[in-house]
Amino acid sequence: MATLDLPALIDIHVHLREPGGTHKEDFSSGTAAALAGGIVAVLDMPNNTPPLVDEDTLGDKIRLASRSARCDFAFYMGASSDNAAAPTVGPHVVGLKMYLDETYGPLRVASLPTVMAHFRSWPRNRPIAAHAEGLSSAIAIGLAQLYDRRLHLCHVSRKAEIELVRRAKEKGTSITCEVAPHHLFLTEEDAKELGSLARTRPPLGTQEDNEALWANLEVIDAVASDHAPHTIAEKQSDDPPSGVPGLETTLPLL
């Protein structure tokens, strides 16, 4: 059997469930899944319970991960309505995650003055990673240009969004973007068959959206799993949460 040697991967967008959701996953099981999938470092998002928004919650999360994680890790701080004035940074903090559209938990930032305050105060040497869909993507790009900040657009999933990223890069904007495997390999037609198991945020797009992502691979800086596990009971409930696991499947799919 032929062997193909590849460098190990870094997954820059995962939602490990500790603290607050360890019935779904903890740092031990989540990072074991990462290693099984060929991933040796994960960048974890802040929308846990409690959310990662200050020095206290950062310290707690570092202690939990240091105790049981099986691979390297780092975290995004969460942008909230009251933490723009004093950003929390440190060796385990890779950037600021700003939720500009529908999300679970208390971290959605819906006030323009608050969003502007974060763009003004966040350190220039770390990116702002935005959950921005549709029109919010244009707003985030515009603010990054106005405030001269590094912007990373998470899980780009629509034709208009990837075209906007391409145009922004052509204009010299300091912007990167990622796409998730489920947006590369599935569409809204698959969602009809998979039902609640395919519920994600952003939702699966059209065939045209899917084809646009593949046609613009040179514009995409990373494939990130957006790993977000739930129990089967939760996904089959009357109000199923968004998110699918991806740490063990991203590399085999690609």
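Criteria and thresholds
Residues numbered from 1 in each chain as written. Predicted model: local features only at pLDDT ≥ 70, side-chain atom pairs only at ≥ 80, totals over all residues. Heavy atoms only, no water. Salt bridge = Lys/Arg side-chain N within 4 Å of Asp/Glu carboxyl O. Helix = DSSP H or I, 4+ residues; strand = E, 2+ residues; numbered from the N terminus. Buried < 20%, exposed > 50% of the residue type's maximum accessible area, 1.4 Å probe, protein only. Core = buried A, V, L, I, M, F, W, Y, C linked by side-chain atoms within 4.5 Å. Contact = heavy atoms within 4.5 Å.

> Could you give an account of the pattern of salt bridges, with specific residues and numbers?
For the structure on display, the rule yields 13 salt bridges. Across the pair Glu208 and Lys159 runs a salt bridge whose closest N-O atoms are separated by 3.0 Å. In this pair, Glu208 is assigned in helix 8 (residues 207–215) and Lys159 in helix 5 (residues 159–170), connecting sequence segments 49 residues apart. Here Glu208 falls in the partly exposed class, since its relative accessible area comes to 47%. Judged by relative accessible area, which is 29%, Lys159 ranks as partly exposed. Notably, a salt bridge pairs Glu218 with Arg166, separated by 2.4 Å at the nearest N-O pair. In this pair, Glu218 is assigned in the loop between helix 8 and strand 8 (222–223) and Arg166 in helix 5, connecting sequence segments 52 residues apart. Here Arg166 falls in the partly exposed class, since its relative accessible area comes to 27%.

> Please provide a residue-by-residue account of the nonpolar core, values included.
Within the largest apolar cluster, 48 residues are counted, with the highest numbers of intra-cluster contacts made by Val42, Met98, Phe119, Leu151, Leu153 and Ile162. Ranked by the residues each element gives to this core, the list is headed by helix 4 (residues 135–147), at five residues. Excluding its chain neighbours within four sequence positions, the residues that come into contact with Phe119 are Met98, Ile128, Ala140, Leu143, Ala144, Tyr147, Arg149 and Leu151. Judged by nonpolar contacts, the second largest core, of 12 residues, contains Ile12, Met45, Val53 and Ala222.

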